[in-house]
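# Structural features, examined
The chain contents come next:
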Amino acid sequence: MKATLDYILHLADNALILGQRNAEWCGHGPVLEQDIAISNISLDLIGQARSFYQYAAELKGNGTTEDDLAYLRDERQFRNILLVEQPKGDWAFTTLRQFLFSSYQQLLFQKLTTHDDERLAAISEKTLKEVNYHVRWSSEWVIRLGDGTEESRSRILSALASIWTYTGEMFMPESFETASGIVVTDLETAWKEKIKTSFAEANIDAPENTFMRSGGKKGIHSEHLGFILAEMQYLQRSYPGCEW
Amino acid sequence: MSVHDLEKHFQDTIDAEIKIEPLDWMPDAYRKTNIRQISQHAHSEIVGMLPEGNWISRAPSLKRKAILLAKVQDEAGHGLYLYSACETLGTSREETINDLHSGRAKYSSIFNYPTLTWADIGTVGWLVDGAAIMNQVMLTRTSYGPYARAMVRICKEESFHQRQGFESLLVLSKGSEAQRTMCQDAINRWWWPALMMFGPRDSESTNSDQSMKWKIKRKTNDELRQQFVDMCVEQVKLLGMTLPDPNLKWNEETKHYDFGEIDWNEFWQVVKGNGPCNLERLQARKKAWEEGAWVREAAAAHAAKKQKRADANAA
């Protein structure tokens, strides 16, 4: 079974929007080494997005390019989950989101490396190496902040309280996933187990009975995405058809 | 050995082109000059991330976004090597950074100019990195070992950045009318500030003589500036653009290009803090540092707890 165009776009959009968010730290990180680390993760995510958009462009044909897909689609056409478009917040929010998302990506890409769609499998395999590092780096931060000072602990707890509502969407199946032979519901238990280990070290508990927001996969986004795209796409929109 | 003998031995070492290393005896003024210069250089890398970082979210293609992000990240890496080189002279990174925030330490004035359009990013790569390289290539041979070695790594990356910047302008120069206008406008705005990067004229420069004798510097401000002008006059032709100086012309006698007078009033105003972005740049750095304080404290507290637990387990 081949992956559908919408599914590849979903993977690309997730990576691009989180890459765009993380890049906001570049030049503004809490310490130089971590400024470099978060920029590096951002760069990896943009690299992932490019691999997926390039594949999607080929699937679409008619001379479509990666930039057409990133720069000339509107809010309603983006298929990323709500989690990745949330503002970067403080260092606790950024590292916790990275941890939750990268842990999900790790499980997903492990699965996708054996997908029938060879191109998707190849991209997943290459990407997985980076994602393993993202998981390690972000889990270390979650532990450090949970087991650091009173302030860092209160910040990671408040990040957790505000972010948790966006985690459920990762495991809500959308038609483009089903049509591509991906069963995201299967990942949820493993994901919960995985994050539990780091949460235990950080001495924090995952919230329970939280209402889970969704809509991103269907193109019903939060109000944040429009601003992200307005900024990101402005040159391509202002000067149509130019080479850069 | 008397101080006189130590000084003689020190100067002989330099004259013999042997590097000065952190544990070697050195005159206080040599140490201070190096601290001043290396820290200023480190701060320039870090503050320099801001005007370019300004365009990461708006880069016009995914490829350009990745290139720009990688470039700005490289600048952070350069800052890191340089702060480390500075530490070998006995000043901590924190002290050095505090000096930047208090205004005691300077950074290159060029970063007090705004990046207004996408063409500024290519132009900064071409002209600003280009001017910096002139200085940095010379510094790979500077007398203080850790500084010279940091510069070797930095130069490799900087020349790559300069080529990328030029290539991005080349694309604009072959693009639409609006893109060509954007390109020329950026060159017009950055040309003179780039020439100012080499510092005051030799006749006005207070630090030059001693720095030449100690081989911290090996070429004067005016020599480097001239070399830069000669290079750019040729390169701008490839872009089909012009440099905004009516007095620019080849001088058959000197075998160099003559060029117009720099607006030294503007130069000193920007040094004094009155450039278009001085306030914003420093505020952005301070904000990042202050907002990161709790993160650094948490990391230190966690490391201490971990150590304590490890010690308890070992006991």
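Reference entry: report on the structure contained in this document. In this convention, every chain numbers its residues from 1, walking through the sequence in written order. Key to labels: chains lettered from A, ligands numbered from 1, both in the order written. For this predicted model, a pLDDT threshold of at least 70 governs which residues receive local features, and a threshold of 80 or more governs which side-chain atom pairs are given and counted, while totals over whole chains, interfaces and linings are taken from all residues. As a rule here, side-chain values cover all heavy atoms of the structure and leave hydrogens and water aside.

### So, the overall build of chain A
In plain terms, the rule: Segments assigned H or I by DSSP are reported as helices when at least four residues long, segments assigned E as strands when at least two residues long, and all are numbered from the N terminus. Note on method: radius of gyration uses C-alpha positions; expected globular size equals 2.2 Å times residues raised to 0.38. Three labels apply to residues, based on accessible area from a 1.4 Å probe with only protein chains included: buried if under 20% of the type maximum, exposed if over 50%, partly exposed otherwise in between. Note on contacts: a residue pair qualifies if any of its non-hydrogen atoms lie within 4.5 Å across the two residues. Here the Shrake-Rupley method, with its probe set to 1.4 Å, supplies the accessible areas, and only the displayed protein chains count as covering residues. Here the positive residues are Lys and Arg and the negative ones are Asp and Glu; neither His nor the chain ends is included. Taken as the charge centre is NZ of Lys, CZ of Arg, CG of Asp or CD of Glu, depending on the residue.
The helix and strand inventory of chain A stands at 10 helices and 0 strands. Reading the helices (α) and strands (β) of chain A from amino to carboxyl end gives α-α-α-α-α-α-α-α-α-α. For chain A, the C-alpha radius of gyration of 18 Å lies close to 18 Å, the compact-globule estimate for 244 residues. Its C-alpha atoms give chain A principal-axis dimensions of about 55 × 40 × 30 Å. Burial analysis of chain A (244 residues in total) assigns 58% to the buried set. Sequence-distant contacts in chain A: of pairs separated by 6 or more residues, those separated by 24 or more amount to 81%. A total accessible area of about 9800 Å² is found for chain A, and carbon and sulfur atoms account for 50% of it. Averaging the locations of the 24 positively and 35 negatively charged side chains of chain A gives two centres separated by 2 Å.

### A short note on the overall build of chain B
Within chain B, the secondary structure is distributed over 13 helices and 2 strands. Radius of gyration (C-alpha) of chain B: 22 Å, near the 20 Å computed for a compact globule of 315 residues. Judged by the C-alpha coordinates and their principal axes, chain B covers about 75 × 50 × 35 Å. In chain B, 78% of the contacts between residues at least 6 apart in sequence involve partners at least 24 apart. When the 41 positive and 42 negative side-chain charges of chain B are each reduced to one mean point, those points stand 6 Å apart.

### So, the packing of helix α6 (residues 118–146) of chain A against helix α9 (residues 187–202) of chain A
The description of two helices packed together rests on the angle between their axes and the distance between the axes. All names here are of chain A. What counts, and what does not: Every axis in this analysis is a line fitted to C-alpha atoms, fitted for helices over the stretch in contact. Angles between the N-to-C directions lie between 0 and 180 degrees. By the definition adopted for this analysis, an angle is roughly parallel if under 35 degrees, roughly antiparallel if over 145, roughly perpendicular if from 65 to 115, and oblique otherwise. By convention the crossing between two helices is left-handed if the near helix lies anticlockwise of the far one by an angle smaller than a right angle, and right-handed if it lies clockwise. Residues were grouped as follows: Ala, Val, Leu, Ile, Met, Phe, Trp, Tyr, Cys and Pro as nonpolar; Asp, Glu, Lys and Arg as charged; and all remaining residues, including Gly, as polar.
It is at 7 Å that the axes of α6 and α9 come closest, and there the two elements cross at 30°. Classed by the angle they form, the pair α6 and α9 counts as roughly parallel. Crossing hand, α6 versus α9: right-handed. Side by side, α6 and α9 meet where S139, V142, I143 and G146 of the first sit next to S198, F199, E201 and A202 of the second. Residue composition of the contact of α6 with α9, grouped by class: 4 nonpolar, 3 polar and 1 charged.

### Describing unusual backbone geometry
Residue and element names in this part refer to chain A. Phi is positive for N62, close to 55°, though the residue is something other than glycine. Among the secondary structure elements, N62 is positioned in the loop between α2 (32–60) and α3 (66–71). Of note in the backbone geometry, N209 takes a positive phi value of approximately 55° without being a glycine. By secondary structure assignment, the location of N209 is in the loop between α9 and α10 (224–238). When its relative accessible area of 80% is taken as the criterion, N209 is described as exposed.

### What about α6 of chain A?
Worth spelling out the cut-off: For a helix, the expected span equals 1.5 Å multiplied by the residue count minus one. We define the bend at any residue as the angle between the axes fitted to the seven residues before and including it, ending there, and the seven starting there.
Here α6 of chain A contains 29 residues, and its C-alpha end-to-end distance of 40 Å stays within 8% of the 42 Å for a straight helix at 1.5 Å per residue. Taken as a whole, α6 of chain A carries its principal kink of about 35° at L128 of chain A.

### Some remarks on the packing of helix α6 (residues 118–139) of chain B against helix α8 (residues 177–196) of chain B
All names here are of chain B. Interhelical geometry of α6 versus α8 gives an angle of 35° and a closest axis separation of 9 Å. Considering the relative orientation of α6 and α8, their crossing is right-handed. Packed against α6, whose contacting residues are W118, A119, D120, T123, V124, W126, L127, V128 and A131, the element α8 presents M182, C183, A186, I187, R189, W190, W191 and A194 at the interface. Within the contact of α6 with α8, the residues separate by chemical class into 14 nonpolar, 1 polar and 2 charged.

### Examining helix α10 (residues 221–239) of chain B
Residues spaced three or four apart along an α-helix face the same direction, because each turn holds 3.6 residues. Residue and element names in this part refer to chain B. The first and last C-alpha atoms of α10 sit 27 Å apart over 19 residues, in line with the 27 Å expected at 1.5 Å per residue. Those residues of α10 not exposed but buried are N221, L224, R225, Q226, F228, V229, D230, C232, V233, Q235, V236 and L239. Looking at the buried positions of α10, the neighbouring elements they touch are α6, α7 (145–173), α8, β2 (256–258) and α11 (264–274). Following α10 by one or two positions, G240 has its phi on the positive side, about 65°.

### Considering the interface of chain A and chain B
Convention followed: Accessible surface is computed with a 1.4 Å probe, and the buried area is the amount of it that two parts give up when combined, taken over both parts together. By definition here, a salt bridge exists when the distance from a side-chain nitrogen of Lys or Arg to a carboxyl oxygen of Asp or Glu is within 4 Å. Under the rule applied, a polar contact is a pair of N or O atoms within 3.5 Å (in protein, one hydrogen donor and one hydrogen acceptor; residues adjacent in sequence only if both atoms are side-chain atoms).
At the junction of the two partners, chain A supplies 46 residues and chain B supplies 47 residues. Around 3900 Å² of area is buried between chain A and chain B when both sides are counted, 68% of it from carbon and sulfur atoms. Considering only the surface of chain A that becomes buried against chain B, L32, D147 and W244 of chain A emerge as the three largest contributors, covering 18% of it. Counting every contact that joins chain A to chain B gives 3 salt bridges. In this structure, R93 of chain B engages E33 of chain A in a salt bridge whose closest nitrogen and oxygen atoms are separated by 2.4 Å. Counting the contacts that link chain A with chain B gives 18 residue pairs in polar contact (both at pLDDT 80 or more).

### So, the nonpolar core
For clarity, the cut-off: Definition used in this section: a nonpolar core is a set of buried Ala, Val, Leu, Ile, Met, Phe, Trp, Tyr and Cys residues joined via side-chain atoms within 4.5 Å.
Counting residues in each nonpolar core, the largest one holds 90 residues, and the members touching the most others are Y30, W118, W126, W191 and F228 of chain B. Excluding its chain neighbours within four sequence positions, the residues that come into contact with W118 of chain B are L235 and W244 of chain A together with W55, A59, P60, R64, L68, S168, L172 and M182 of chain B. Core analysis: the second largest hydrophobic core is formed by 76 residues, L69, I81, F101 and I195 of chain A among them.

### Focus: the side chain of K215 of chain B
Residues and elements named next belong to chain B. Relative to the elements of secondary structure, K215 occurs in the loop between α9 (208–213) and α10. According to the relative accessible area criterion, K215 is buried, its value standing at 17%. Beyond its immediate chain neighbours, meaning those up to four positions away, K215 contacts I14, D15, E17, R141, T142 and S143.

### Looking at the environment of G48 of chain B
Looking at where G48 of chain B falls in the secondary structure, it is placed in the loop between α2 (28–47) and α3 (49–53). With residues up to four places along the chain from it excluded, the contact list for G48 of chain B reads H43 and F111 of chain B.

### Description of the pattern of salt bridges
In the structure shown here, the tally under the stated rule is 32 salt bridges over all chains. Within the structure, one salt-bridge network assembled from shared partners comprises D90, E151 and R155 of chain A.

### Details of the environment of Y257 of chain B
Tracing the backbone through its elements, the reader meets Y257 of chain B in strand β2. Beyond its immediate chain neighbours, meaning those up to four positions away, Y257 of chain B contacts Q226, V229, D230, V233, E234, K237, K249 and W250 of chain B.

### A look at the environment of Q105 of chain A
Residues and elements named next belong to chain A. Structurally, Q105 can be placed in helix α5 (residues 91–112). The spatial distance from the C-alpha of Q105 to the C-alpha of L11 is 9.6 Å, given a sequence separation of 94 residues. Apart from the residues within four sequence positions on either side, Q105 is in contact with L45, Q48 and V131.

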